[in-house]
Amino acid sequence: MTAEAIDWRNSRVVAAVKLHRAHTRRKTGLFLAEGANSVAAALDTGRVEELFYSAKAAGREHELVAGAAATGVRTTLVSDRAAETLGETVTPPGLVAVCRQVDVPLSTVLDASPRMLAVPVAMADPGNAGTLIRVADAVGANGVVLAGDSVDPHNGKCVRACAGSLFHVPVARERDIDATLDALEAAGIAVLATTARGEVDLDDADDILRGPVAWLFGNEAHGLDRAVAARATHRVRIPIHGRAESLNLAAAAAICLYASARVQHSG
């Protein structure tokens, strides 16, 4: 570890701060992971190029920083001002890793014969994307496919919402929605669209959920496009027993994915 803290004007810090921009992430193939959960997960998967840490963070996360250095990761002590510029939160944790991006081709996900996939379509909110990836990780899903014009999973807000799960579950991006559906169908995976007027009630879907499934989740504001829902193998509705008109995307995704996990892990 370096003995003296470098400040925010250091060229490596300046280059890392630029990774807050989508353009720079696309150009370099790198992104930032902030906070102990994300950094630990990134280190476990060997994706860290450099770890920046403040003196306060070193006190809190000594084992994490020391462990990174022991595995050959470049670890760099930075000033509090530099830690603030590297972080995106109101109270930066002072622990930021420069990482190689995680997304893989859709074919890589499908070649692994997945049993359960989450496929958000045109998802715009990075917080929701991160929450969905975290839920997919929690239920043991085999991958997340961001279809259509979706948010960058390496966006800082998304990475933080993942709480490390971005490094645990395969994530693919495919802008062509029809190509995504074609590939899922060709792989023998039942495509399930979540719609308020679906012909299948989630409570009655156990037989469907026993096989390989890919859950389609629509855009937060507009839901799932009718043409996309029409292409699904089944359209599934979540029963609502109270007076709420609907569920938000993250809640609906959690319910559907946990329903799949319950059936697939029930023996």
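Right above here is the structure, for reference.
The sections below set out a description of the structure shown in this document. In this numbering scheme, every chain counts its residues from 1 along its sequence in written order. Predicted model: local features are reported for residues with pLDDT of at least 70 only, side-chain atom pairs are reported and counted for 80 or more only, and whole-chain, interface and lining totals are derived from all residues. Water and hydrogen atoms were dropped before computing side-chain values, which therefore reflect all heavy atoms in the structure.

1. Here's the deal with the state of the cysteines
Move 1: Two cysteine sulfur atoms form a disulfide, by the criterion used here, when they sit within 2.5 Å. Throughout the structure, instances matching the rule amount to zero disulfides.
Move 2: No disulfide involves Cys99; its sulfur sits 12 Å from the nearest other cysteine sulfur, which is in Cys162.
Move 3: Distance from the sulfur of Cys158, which forms no disulfide, to the nearest cysteine sulfur (Cys162) is 4.2 Å.

2. Considerations on the packing of helix 8 (residues 126-139) against helix 13 (residues 249-264)
Move 1: Only the contacting stretch of a helix is used when fitting its axis, a line to C-alpha atoms as for every element, and angles between N-to-C directions run 0 to 180 degrees. A helix here means a DSSP run of H or I that spans at least four residues, while a strand means a run of E at least two residues long, and both kinds are numbered starting from the N terminus. Close contact between helix 8 and helix 13 brings their axes to 10 Å; oriented N to C, the two are set at 15°. It follows from the interaxial angle that helix 8 and helix 13 lie roughly parallel. Handedness of the helix 8/helix 13 crossing: right-handed. Counted together, Asn128, Thr131, Leu132, Val135, Ala136, Ala138 and Val139 of helix 8 and Leu249, Ala250, Ala253, Ala254, Leu257, Tyr258 and Ala261 of helix 13 form the full contact between these two elements.
Move 2: Following the grouping adopted for this structure description, the nonpolar residues are Ala, Val, Leu, Ile, Met, Phe, Trp, Tyr, Cys and Pro, the charged ones are Asp, Glu, Lys and Arg, and the polar ones are all others, Gly among them. Of the residues contributing to the contact of helix 8 with helix 13, the split by class is twelve nonpolar, two polar and no charged. Comment on the angle field: the value is read as roughly parallel under 35 degrees, roughly antiparallel over 145, roughly perpendicular from 65 to 115, and oblique elsewhere. Left-handed describes a crossing in which the near helix is turned anticlockwise from the far one by less than a right angle; the clockwise case is right-handed. What makes two residues a contact is simply this: any of their non-hydrogen atoms within 4.5 Å.

3. Considerations on the sheet that holds strand 6 (residues 143-147)
Move 1: Only strands joined by at least two bridges in the DSSP assignment are considered to pair. Across the sheet, which stays open at both edges, the seven strands sit in the order 7-6-5-10-8-11-9 with parallel pairing between neighbours. Edge positions in the open sheet fall to strand 7 (171-174) and strand 9 (200-201), since each of these has one partner strand only.
Move 2: Two strands pair when backbone bridges link them, and strand 8 (residues 190-194) and strand 11 (residues 234-237) are joined in this way by three bridges, in the parallel orientation. Among the inter-strand pairings, Thr194 is bridged to a residue of strand 11, identified as Val236.
Move 3: In the packing of helix 13 onto the sheet, contacts are made with strand 5 (116-120), strand 8 and strand 10 (213-217), and the angle to strand 10 comes to roughly 170°.

4. What to know about the pairing of strand 11
Move 1: Sheet topology note: the strand 9/strand 11 ladder contains two bridges and is parallel. Looking at the pairing, Val200 lines up with Val236 of strand 11.

Any functional reading would require information that these geometric values do not contain.
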